[in-house]
Amino acid sequence: MLTPRRLIAGNWKMHGLAASLGEARAIAAAVQGRPPLARVAICPPATLIHRMSAALAGTPVLLGGQDCRPEPSGAFTGSISAEMLADAGAQLVILGHSERRRDFGETDSLVAAKVSAAFRAGLEPIVCVGERADERRAGRALAVVLAQVRGSLPDEADGRDFAVAYEPVWAIGAGVTPTLPEIGEMHSAIREALAARFGEAGRRAPILYGGSVSPANAGEVLAGREVGGALVGGASLTARTFVPIIDALAVLRPSAS
Ligand code: PGA
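Computed from a predicted model, the values in this text were never measured in an experiment.

### Overview of the sheet that holds strand β1 (residues 7-11)
Two strands in a sheet stick together by hydrogen bonds in their backbones, pointing the same way (parallel) or opposite ways (antiparallel).
Step number 1: The strand order around the closed barrel built from eight strands is β1-β2-β3-β4-β5-β6-β7-β8, with neighbouring strands paired in parallel fashion. For this sheet, the mean inter-axis angle between neighbouring strands, taken without regard to orientation, is 25°.
Step number 2: Bridge count between β1 and strand β8 (residues 229-232): four bridges; the pairing is parallel. Along β8, the bridge assignment pairs Gly10 with Val232.

Dropping the structure here:
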């Protein structure tokens, strides 16, 4: 069986000024020269990507955007394209984060169009899915998430590198996480759906867990069934809290990447 390409990605959201480049350097210094247990990425605000790519040149830390528009360019004031993220130095892009689905009304089909844009620009998309608390209470978590997986990934994901992040909306920034069996059940169902639709690409895609990952729970969460890494919000903002999450992988078997 192929080992998924593990990924620990930090989602800085709307946090970070030039002064934060020091944290990124400290994160890079901590992972440099270590055995590659996973790929490590920081997804800062778009305004920092170019400077961060210069600051981290020569280190193994990857950079990602947090969103893009489907079009390569055009009259879309305030938006950025996948090509622009790649041009600024990004290799990855988070798409369909629940905050964008909630605040900007992003639908699965819009997310799928953005995923196509990411492939066009040579970026690896991290496609976010996750149920709301009311959906889980109603026993619909699995159905909601699998529908998002189906709708947010275009057919052309076949043969491409992509990651899926399972982020229960109610766990994000809340200090609570699902139980390990709940995470395992969801990740296994996502894996089955990906493998059935995309074959090898679906078996290789890392399925990240996201939502209140911290140094305290990372070891447990990362050892979960079909957990191929983490998408980390608040705890990724400082080396002090992000590096122990990356280190938590050391107890697991080495990654293929
Ligand atoms: P959190 O955010 O780790 O702060 O809960 C995760 C995310 O929204 O990606």
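### Brief notes about the site of the ligand
Step number 1: Not every one of the 13 residues close to the ligand is listed here, only the nearest: Lys13, His97, Glu167, Gly173 and Ser212.
Step number 2: Separating an oxygen atom of the ligand from a side-chain N or O atom of Glu167 is a distance of 2.7 Å.
Step number 3: A total of 290 Å² of accessible area belongs to the ligand in isolation, and the protein chains cover 95% of it.
Step number 4: Looking at the shell around the ligand, its residues break down into four nonpolar, seven polar and two charged.

### Notes on the nonpolar core
Step number 1: Of all hydrophobic cores here, the largest spans 66 residues; its most connected members are Ile8, Ile42, Met52, Leu153, Phe162, Ile190 and Leu194.
Step number 2: At six residues, the largest contribution of residues to this core is made by helix α1 (residues 21-31).
Step number 3: With sequence-adjacent residues up to four places away left out, Ile190 is seen in contact with Val129, Val145, Leu146, Val149, Val164, Tyr166 and Ile207.

### Observations regarding the packing of aromatic side chains
Step number 1: The final tally for this structure, using the stated rule, is two aromatic pairs.
Step number 2: Judged by centre distance (5.7 Å) and plane angle (70°), the rings of Phe162 and Phe198 are edge-to-face. Remark: Phe198 occurs in helix α8 (residues 180-198) and Phe162 occurs in the loop between α7 (141-152) and β6 (163-166); sequence separation between them is 36 residues.
Step number 3: Look at Phe198 and you get buried, because its relative accessible area is 4%.
Step number 4: Above the face of the Phe76 ring, Arg69 is positioned so that its terminal group lies 3.6 Å from the ring centre.
Step number 5: Over the face of the ring belonging to Phe104 we find Arg100, whose NZ or CZ atom lies 4.0 Å from the ring centre.

### Notes on the pairing of strand β7 (residues 207-210)
Looking down a regular strand, the side chains alternate between one sheet face and the other.
Step number 1: Going residue by residue along β7, you find Ile207 and Tyr209 tucked away on one face and Leu208 and Gly210 tucked away on the opposite face as well.
Step number 2: Sheet analysis places β6 next to β7, joined by three bridges and oriented parallel. Across the sheet, residue Tyr166 finds its bridge partner in β7, namely Tyr209.
Step number 3: Of the pairings in the sheet, the one linking β7 to β8 comprises two bridges and is parallel in character. Across the sheet, residue Gly210 finds its bridge partner in β8, namely Leu231.

So, how was this worked out
Residues numbered from 1 in each chain as written. Predicted model: local features only at pLDDT ≥ 70, side-chain atom pairs only at ≥ 80, totals over all residues. Heavy atoms only, no water. Pairing = 2+ DSSP bridges. Helix = DSSP H or I, 4+ residues; strand = E, 2+ residues; numbered from the N terminus. Axes fitted to C-alpha atoms, helices over the stretch in contact; angles between N-to-C directions. Near = heavy atom within 4 Å. Polar contact = N/O pair within 3.5 Å; in protein donor to acceptor, adjacent residues only side chain to side chain. Areas by Shrake-Rupley, 256 points an atom, 1.4 Å probe, with all protein chains shown as cover. Nonpolar A, V, L, I, M, F, W, Y, C, P; charged D, E, K, R; others polar. Core = buried A, V, L, I, M, F, W, Y, C linked by side-chain atoms within 4.5 Å. Buried < 20%, exposed > 50% of the residue type's maximum accessible area, 1.4 Å probe, protein only. Contact = heavy atoms within 4.5 Å. Phe/Tyr/Trp six-rings, centres within 6.5 Å; stacked < 30°, edge-to-face > 60°. Lys NZ or Arg CZ within 6 Å of the ring centre and 35° of its normal.

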